[in-house]
Amino acid sequence: MDPQSRATQPTPALRSLKSVPAEPLLTRDFDARPAAVYERLRSKYGPVAPVDLLGVPVWLVLGYAEVLEVLRNDHGLWSKRLEDWRDHREGRIPADWPLLPSYQGTYIAFQEGKAHTELREMWSKALRPFQDRTQPQALRLEKDVRQYADELISLMAEGGTSGWADLSAQYARPLMLMVCNRLIGFGTDEALMDIWRVVDAGPDAPEATLRLMAALAEVVALKRRRPGDDLPSHMLAARPDLTDEQLIGEIGLLLGLVGDIATSLICNTVVEVLTGDPGARASLAAGLVRETINRAAMIAPPSANLSFRFATADTVLGGAHIAAGDPVMPSVAAAHADPRFAAALDPSSVHSSRAHLAWGAGPHRCLGDELATTLVSIAVERLFEQMAALELALPADQLPWRSSPTIRGLRALPVRFRLGQAAERAPAPAGAASEEPATSEESTEQTASRSALSRLVRALLRQRS
Ligand code: HEM
């Protein structure tokens, strides 16, 4: 039976999560080809499937309409608060369940009601200077990001005008780590490596978390005493009553979003352009880089599966009987592949649909999508502008995707490249991003950022090997 007709069939009534044998989601199959796993689940269960997530039963929401219904939450049925998770409340979730720490955060993503609304207001105000492209701070940020991008490309090409590179470790990741540094106003680049260690969740992560927390506490104390033109200072200006702990929680979220999710979107976009999504290539060729990003976010959304929502009352969703307190995990990636959604798209059009859910939807919808699109656009644009040739160094089906229940991102993005004449003419990075002559203060800053970038890239490459 084809998935489309299956999705419209009545699904057998599912009594509760425990009455159906949930199959493990995180298998080798899922790591290699998550899309095939979503389709198998869709054809077996319809738009809402029971899965086992590292020993915990969860409803995976696969249908576009059902994901949208949960995210929009028009009737206040879905909560993101941990207290509304029945099994957790009743002590049935093991304390060492690997995903538990990510649900114990007290930051915006896990708040509801008034506390949530107030935090959204704070984020919107604090982001505005960086996100609203009519603001001088936003323009300065864009200029700096272009400069970091050019410096990274010139570092990549230090061995000559062509070669091999890992675009994740040598470009996307350090670029977004520099953005984190710039937005947070860290004085040192030591924090950058710790951000990466935390995001990477490798063996050094616990120690790096402690160091990073200490560094963030220092930054917060400093910004309270001497506010600057950075995100924590703007957050404090909007909400002076925030405790240090709350502010650190919100900054921690920023690190994940920029340091990890935006990095993944840069890499996923490059892959889509190189491996031949016709819409992604055509829009880039037409100079519509924001459209290229939109298309990549639709085909390979980096936030592939979102954090749980808990039903606050018994309900039926996509034919499944969901009991009060059950967790549901909305799958953006599966929703985008839903035949009912995919049928409405024209894959060869230069203009894609904006109805995708890569930024979420409803009351928890992303607040930084404009900024993220700008950052990713600059990264993609600078790269393709400066390359005469760029191709994957591996067959597309052998790319090393990370094993993650939530993120669709690469561990490495190996490419072969040849720089174009524009990049060859301006190999020295200082002043490369600016058409005006650099002042001596600017040159000093640029030399400092170049050496920070160079150290960072070396460390990221070491860490990867
Ligand atoms: C490519 C990068 C990004 C992607 C794909 C992305 C995607 C998302 C998604 C899907 C959500 C909703 C999560 C949910 O409903 O469970 C979200 C929430 C959020 N995003 Fe983004 N985001 C990105 C970058 C950013 C950036 C750069 C910022 C700010 C600097 C930002 C700020 C936020 C905030 C504050 C929330 C929480 C909103 C809430 O819970 O009310 N995001 N993001």
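Analysis parameters
- Residues numbered from 1 in each chain as written.
- Predicted model: local features only at pLDDT ≥ 70, side-chain atom pairs only at ≥ 80, totals over all residues.
- Heavy atoms only, no water.
- pLDDT = per-residue confidence, 0-100.
- Contact = heavy atoms within 4.5 Å.
- Near = heavy atom within 4 Å.
- Polar contact = N/O pair within 3.5 Å; in protein donor to acceptor, adjacent residues only side chain to side chain.
- Helix = DSSP H or I, 4+ residues; strand = E, 2+ residues; numbered from the N terminus.
- Axes fitted to C-alpha atoms, helices over the stretch in contact; angles between N-to-C directions.
- Parallel < 35°, antiparallel > 145°, perpendicular 65-115°, else oblique.
- Nonpolar A, V, L, I, M, F, W, Y, C, P; charged D, E, K, R; others polar.
- Pairing = 2+ DSSP bridges.
- Expected span 1.5 Å × (residues − 1).
- Buried < 20%, exposed > 50% of the residue type's maximum accessible area, 1.4 Å probe, protein only.
- Salt bridge = Lys/Arg side-chain N within 4 Å of Asp/Glu carboxyl O.

Undergrad: What exactly am I supposed to notice about the confidence of the model for the protein chain here?
TA: In the predicted model, the protein chain carries a mean pLDDT of 87, and 84% of its residues have values of at least 70. Counting contacts from residues 1–11, a segment whose pLDDT is below 50, to residues more than four positions away or on other chains yields 19 contacts. Below a pLDDT of 50 lies the segment residues 427–438, which in the model reaches 16 contacts outside its immediate sequence neighbourhood of four places, other chains included.

Undergrad: In this structure, what is going on with the site of the ligand? I would like to understand it.
TA: Surveying the vicinity of the ligand reveals 29 residues, the closest of which are His 116, Arg 120, Arg 309, His 364 and Cys 366. A distance of 2.6 Å separates an oxygen atom of the ligand from a polar side-chain atom of Arg 120. Contacts to the ligand include Arg 309, whose side-chain N or O atom sits 2.7 Å from an oxygen atom. Those elements that provide at least two residues to the shell around the ligand are α7 (113–131), α13 (244–274) and α18 (369–386). At six residues, α13 tops the list of elements feeding residues into the shell around the ligand.

Undergrad: How should I be thinking about the packing of α7 against helix α8 (residues 136–156) in this particular structure?
TA: If you want to describe how two helices pack, look at the angle between their axes and the distance between the axes. Closest axis-to-axis distance for the α7/α8 pair is 5 Å, and the angle between their directions is 60°. Taken together, α7 and α8 sit at an angle that is classed as oblique. Residues Pro 129, Phe 130 and Gln 131 of α7 lie in contact with α8, whose contacting residues are Gln 137, Ala 138 and Leu 141. Of the residues contributing to the contact of α7 with α8, the split by class is four nonpolar, two polar and no charged.

Undergrad: Is there a simple way to think about unusual backbone geometry in this case?
TA: For residues other than glycine, phi is negative in most cases, and the peptide bonds are mostly trans. Phi is positive for Leu 54, which is not a glycine, with a value near 50°. Relative to the assigned elements, Leu 54 resides in the loop between β2 (48–53) and β3 (56–61). A positive phi angle, near 50°, is found at Asn 73, a position not held by glycine.

Undergrad: Where do I start with the environment of Phe 308 in this structure?
TA: Position of Phe 308 relative to the elements: it lies in the loop between α15 (289–299) and β6 (309–311). The spatial distance from the C-alpha of Phe 308 to the C-alpha of Tyr 103 is 8.6 Å, given a sequence separation of 205 residues. With sequence-adjacent residues up to four places away left out, Phe 308 is seen in contact with Leu 53, Val 58, Ser 79, Lys 80, Trp 85, Trp 97, Tyr 103, Pro 327, Val 328 and Met 329.

Undergrad: It is not clear to me how the sheet that holds strand β9 (residues 327–330) should be interpreted in this structure. Could you clarify?
TA: Hydrogen bonds between backbone atoms are what pair the strands of a sheet, whose relative direction is either parallel or antiparallel. Reading across from one edge, β1-β2-β3-β9-β6-β4 is the order of the six strands in this open sheet, with mixed pairing throughout. Looking at which strands have only one partner, the edges of the open sheet turn out to be β1 (23–24) and β4 (78–79). Examined bridge by bridge, β2 and β3 share six bridges and lie antiparallel to one another. Within the sheet, the bridge partner assigned to Pro 50 lies in β3 and is Trp 59. On top of the sheet, helix α3 (residues 34–45) reaches β1, β2 and β3; it is set at about 125° to β2, its chief contact. Its contacts with the sheet put helix α4 (residues 64–72) on β2, β3, β4, β6 and β9, and the angle it makes with β9 is roughly 115°.

Undergrad: Would you mind going over the sheet that holds strand β5 (residues 162–166) with me for this structure?
TA: Strand order in the open sheet formed by three strands is β5-β11-β10, and the pairing between neighbours is antiparallel. Bordering the open sheet on either side are β5 and β10 (387–392), each of which pairs with just one other strand. Looking at each pair of strands side by side, their axes are set apart by 25° on average, direction ignored. Sheet topology note: the β10/strand β11 (residues 414–419) ladder contains five bridges and is antiparallel. Counterpart to Glu 391 in the pairing with β11 is Arg 416. Contacting β5, β10 and β11, helix α9 (residues 167–184) runs over the sheet at an angle of about 70° to β5.

Undergrad: How should I be thinking about α18 in this particular structure?
TA: For an α-helix the count is 3.6 residues per turn, leaving residues at separations of three or four pointing the same way. In this model, α18 (18 residues) spans 26 Å end to end at C-alpha, consistent with the 26 Å of a helix rising 1.5 Å per residue. With respect to burial, α18 is a largely interior element, 14 of its 18 residues being buried.

Undergrad: Even after reading the chapter, I still don't get α7, so can you show me in this structure?
TA: The first and last C-alpha atoms of α7 sit 25 Å apart over 19 residues, in line with the 27 Å expected at 1.5 Å per residue. Packed against the buried residues of α7 are α8, α9, α12 (231–238), α13 and α18.

Undergrad: Would you mind going over the pairing of β11 with me for this structure?
TA: Within a regular strand, the side chains alternate between the two sheet faces. Pairing between β5 and β11: five bridges, direction antiparallel. When the sheet's bridge partners are listed, Gly 163 is paired in β11 with Phe 417.

Undergrad: Looking at this structure, I do not really get the pattern of salt bridges. What am I missing?
TA: One side chain can pair with another of opposite charge once the charged atoms of both are near each other. Here the structure, examined in full by the defined rule, presents 30 salt bridges. One salt bridge in this structure joins Glu 39 and Arg 42, with 2.8 Å as the shortest N-O distance. Placement of both Glu 39 and Arg 42 in helix α3 is noted, with a separation of three residues, approximately one turn of the helix. With relative accessibility at 1%, the residue Arg 42 sits in the buried group. Asp 132 is the partner of Arg 128 in a salt bridge, and the nearest nitrogen-oxygen pair spans 3.3 Å. For Arg 128, a relative accessible area of 46% corresponds to the partly exposed category. For Asp 132, a relative accessible area of 22% corresponds to the partly exposed category. Here the salt bridges do not stand alone but share partners, grouping Arg 86, Asp 87, Glu 90, Arg 92 and Asp 326 into one network.

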